[in-house]
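Here are the chains, one letter per residue:
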Amino acid sequence: MAVAIVIAALVLLSIAFQLFTPWWLTPLASNWRSIDTAFHITMWTCGFFFVVLNLFLAWSIVRYRHRKGHRAHYEPESVTLERRLTVWTAVGIAALLAPGLIAWKAYVTVPKNAAVFEAVGQQWQWSFRFPGRDGVLGTVSSRLVSPDNPFGLNPDDPYGRDDILVESPEVHLPRGQPVKAILRSKDVLHDFFVPHIRAKMDLVPGIVTYFWFTPMRTGKFDILCAELCGVSHYNMRGTLVIDEPAAFNAWLNQQPTFAQLLAESRPAAAAVAAANTAPPVKSGT
Ligand SMILES: [Cu+2]
């Protein structure tokens, strides 16, 4: 009997927690209402069956408790019952997965007019790349990553010369413009997550992943890494700033291109090389 009361209390507490929790979805800042819809369908369906099944369990414990003169009916197998359970479970899971698949297809079907940016993850920071005037991101290789070329851009690829490199965890995007996010990792698994955008996708070393979204309102939103990626994983944060298009263009124009960074790093590299080859200065005693 006590177990039945505990189960019923757990159901009531769970319902109360759902109704009064302060931890709910952040206000939506993108076009992905379909992801919220899929989330709500899943949550209310699971919630309904959670309540019904647990109350049925509590009722069964009371109804079929041990009493003198009552004997349990022993039935180890019931083919009919198992068949019904299998069929209805399959129908239930398919019904739960279907809306998610529809939302997912829309999430990775990039519209033709989408702009592009790249988010690069490494332990434990974000950096970003835009394609520059030609609209095409230059080719990259992890073999080319160095302190002077942190993005691993191919210096011989003309498409990469005008690429705009943002070596800071703050990235800006224009409001109202569909954008394709291309995701790349330099080391381990990371996950690009902006809760307000409903954007979440793994960065997998060796492959490039992507999704798209349209920012719908201006503001500052947290970028998080949602994949446990090492000791400073908790600190792998960034900021997504959604600007009006004019303010976005002004910000983008202030960021350096790969060609500019190369021109800056070459004299510096030459100076370092010259310093290394100079004879060591003797201490004067
Ligand atoms: Cu990470």
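The structure reproduced in this document is the subject of the present report. (Residues numbered from 1 in each chain as written. Predicted model: local features only at pLDDT ≥ 70, side-chain atom pairs only at ≥ 80, totals over all residues. Heavy atoms only, no water.)

Looking at helix α2 (residues 33-63)
Convention followed: Secondary structure follows DSSP: runs of H or I at least 4 residues long count as helices, runs of E at least 2 residues long count as strands, and numbering of each begins at the N terminus. For a helix, the expected span equals 1.5 Å multiplied by the number of residues minus one. Any residue under 20% of the maximum accessible area for its type is buried, any over 50% is exposed, and the rest in between are partly exposed; the area is computed with a 1.4 Å probe on protein chains only. Contacts are assigned to residue pairs with any non-hydrogen atoms lying within 4.5 Å of each other.
For α2, spanning 31 residues, the distance from its first C-alpha to its last is 44 Å, which sits close to the expected 45 Å at 1.5 Å a residue. Within the sequence span of α2, burial applies to Asp36, Ala38, Met43, Ala58 and Ser60. Considering only its buried residues, α2 is in contact with α1 (2-20) and α3 (79-108).

Describing the environment of Leu53
Summarising the element assignment, Leu53 is placed in helix α2. The exposed category is assigned to Leu53, whose relative accessible area is 53%. The sequence separation of Leu53 and Thr89 amounts to 36 residues, and the corresponding C-alpha distance is 13 Å.

Digging into the coordination of the copper ion
This is how the line gets drawn: Sites may look incomplete because water is not among the atoms; the donors themselves are N, O and S atoms within 2.8 Å of the metal, or within 3.2 Å for Na, K and Ca. Under the classification used here, a metal with four donors is tetrahedral if each angle lies between 85 and 135 degrees, square planar if opposite donors are over 155 degrees apart and the others between 65 and 115, a six-donor metal meeting that same test is octahedral, and anything else is irregular.
Bound to the copper ion are the protein donor atoms His190 (ND1), Cys225 (SG), Cys229 (SG) and Met236 (SD), situated 2.1 to 2.5 Å from the metal. Taken together, the four donor atoms coordinating the copper ion span angles of 89 to 125 degrees at the metal, a pattern that classifies the geometry as tetrahedral.

Re the sheet that holds strand β2 (residues 125-130)
Stated precisely, the cut-off is as follows: Strands qualify as paired when DSSP identifies two bridges or more between them. Convention adopted: a line fitted to C-alpha atoms gives each axis, helices being fitted over their contacting stretch, and angles between N-to-C directions are expressed from 0 to 180 degrees.
Taken together, the five strands give an open sheet; going across it, the order is β3-β2-β1-β5-β8, and neighbouring strands pair in mixed fashion. Both outer strands of the open sheet, β3 (164-166) and β8 (209-213), are each paired with one neighbouring strand and no more. Across the sheet, the mean angle from the axis of one strand to that of its neighbour is 25 degrees, orientation sign disregarded. Sheet topology note: the strand β5 (residues 179-185)/β8 ladder contains five bridges and is antiparallel. By the bridge assignment for β8, Lys180 is matched with Trp212.

Looking at unusual backbone geometry
The omega angle of the peptide bond from Gln123 to Trp124 is -5 degrees, so this bond is cis rather than trans. Considering the arrangement of structural elements, one finds Trp124 in the loop between β1 (115-122) and β2.

Brief notes about the packing of α2 against α3
Helices that pack against each other are described as a pair by the angle of their axes relative to one another and the distance between those axes. Cut-off, in case you're wondering: For classification purposes, angles smaller than 35 degrees are called roughly parallel, those larger than 145 roughly antiparallel, those between 65 and 115 roughly perpendicular, and all remaining angles oblique. Handedness of a crossing is defined here by the sense of rotation of the near helix relative to the far one, left-handed for an anticlockwise turn of less than a right angle and right-handed for a clockwise turn. Gly is put with the polar residues, along with every residue not named as nonpolar or charged; the nonpolar set is Ala, Val, Leu, Ile, Met, Phe, Trp, Tyr, Cys and Pro, and the charged set is Asp, Glu, Lys and Arg.
At a minimum axis distance of 9 Å, the contact between α2 and α3 shows a crossing angle of 165 degrees. Taken together, the axes of α2 and α3 lie roughly antiparallel to each other. Considering the relative orientation of α2 and α3, their crossing is left-handed. Contacts from Ser34, Ile35, Ala38, Ile41, Thr42, Thr45 and Cys46 in α2 reach Leu96, Pro99, Gly100, Ala103 and Tyr107 in α3. In terms of residue class, the contact of α2 with α3 is built from eight nonpolar, four polar and no charged.

So, to be careful, I would describe these as geometric facts and stop short of saying anything about function.
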